[in-house]
Each structure stands twice: as structure tokens, then as C-alpha cells.
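# Coordinate inspection notes
Each chain is listed here by its residues.
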Amino acid sequence: MGLIDIDFFKKVNDTHGHDVGDQVLFEFAKRLKNAFGQHFTVARFGGEEFVVAFKGLDGDRAFTVMDKFRQQVNSQPFITDAGELTISFSCGIAKAESTDTNLDTLLHRADLCLYEAKEAGRNKVVL
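Read on for an overview of the structure. (Residues numbered from 1 in each chain as written. Predicted model: local features only at pLDDT ≥ 70, side-chain atom pairs only at ≥ 80, totals over all residues. Heavy atoms only, no water.)

### Describing the overall build of the protein
A tally of helices and strands in the protein yields 4 helices and 7 strands. A globule of 127 residues ought to have a C-alpha radius of gyration of about 14 Å, and the protein, at 14 Å, matches this closely. In terms of overall dimensions, the protein has a C-alpha envelope of 45 × 30 × 20 Å along the principal axes. Burial status across the protein gives 41% buried among its 127 residues. Long-range contacts, defined here as pairs at least 24 residues apart, represent 63% of the contacts in the protein between residues at least 6 apart. Of the accessible surface of the protein, which amounts to about 7,300 Å², a share of 49% is contributed by carbon and sulfur atoms. Treating the 15 positive side-chain charges of the protein as one cloud and the 19 negative ones as another, the clouds have centres 4 Å apart. (Helix = DSSP H or I, 4+ residues; strand = E, 2+ residues; numbered from the N terminus. Rg over C-alpha atoms; globule rule 2.2 N^0.38 Å. Buried < 20%, exposed > 50% of the residue type's maximum accessible area, 1.4 Å probe, protein only. Contact = heavy atoms within 4.5 Å. Areas by Shrake-Rupley, 256 points an atom, 1.4 Å probe, with all protein chains shown as cover. Lys, Arg positive; Asp, Glu negative; His and termini not counted. Charge placed at Lys NZ, Arg CZ, Asp CG, Glu CD.)

### Observations regarding the pattern of salt bridges
Considering all chains together, one arrives at 5 salt bridges under this definition. Taking the shortest distance from any N to any O, the salt bridge between Lys30 and Glu27 comes out at 3.9 Å. Taken together, the positions of Lys30 and Glu27, both in helix α2 (residues 18-36) and 3 residues apart, correspond to about one turn of that helix. When its relative accessible area of 41% is taken as the criterion, Lys30 is described as partly exposed. Overall, the relative accessible area of 21% leaves Glu27 in the partly exposed class. (Salt bridge = Lys/Arg side-chain N within 4 Å of Asp/Glu carboxyl O.)

### Focus: the nonpolar core
Counting residues in hydrophobic clusters, the biggest one holds 26 residues, and the most contacted among them are Ile4, Phe28, Phe36, Phe54 and Met66. Counting only elements with at least two residues in this core, the list comes to β1 (2-6), α1 (9-16), α2, β3 (49-53), α3 (59-75) and β6 (89-93). Considering each element in turn, this core owes the most residues, 6 residues, to α2. In this view, Phe36 contacts Val42, Val52, Phe54, Val65, Met66 and Phe69; residues no more than four positions away in its chain are not counted. Of all hydrophobic cores here, the second largest spans 8 residues; its members include Ala94, Leu107, Ala110 and Leu114. (Core = buried A, V, L, I, M, F, W, Y, C linked by side-chain atoms within 4.5 Å.)

Pasting the structure below:
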């Protein structure tokens, strides 16, 4: 399970307005769905957070595909009414364990990894 947070999204809204923020969210969701939506479950989790359920992938492979997506997002600016914006994101990935009793447990562990990615400077994927 990957939990994604767009880095410094509040700054996009504060600097360019909520309409541009919505354009970034829409484009990010579209890119996420194009990258993963045919093979995995992709959903907006709230605000600028998204979830990807990597069913059938081990943690290392999930890390590899998410980091490749992170690099693609970094290299392709978002076209908005405010011009081109470069967006990055942080991601925490947690592997499902036999001791996980529910989805909340897995999401909590992914959130801890996400927090670690942010503390390490953002624009990172942490497994």
C-alpha cells in the first residue's frame, strides 16, 4: 500500500489560488491513474493525499515502480492557468503483513513511512 502526499500543496493554493490547486490535483490524479489504474487500485484519500494498493507486488517492486513514477512527475511540469508548475510528492509504502487485522493498520504503517519521507526532505519514497 502506498500513501502519497503532494509536497507543499498548500503553497500552490496560497500562491496561485484554489482553481490552480484543483488543476494540479486533477492532473496528478490523471497521471496516477494512467500509471497505475489499470493494474492496481488508485484513490484520492483526502486533500492532496492519494492511495495506491499494490496487490500482488512485493515491497521492493512497489518501491521501484513508485519511485519511477515520482521521477516522471518531477520531470514533466504541470500546465495550469498560472503557467507551468513543477510538482513533487512524498510516498510511504507499507507491505501487508499477516498480523494486519484491518486496512487501518496497513494505512497507519504507510503513513509512518510517508512521515519519514517528509522528514528526510520530501520528494522521496520510503518503504
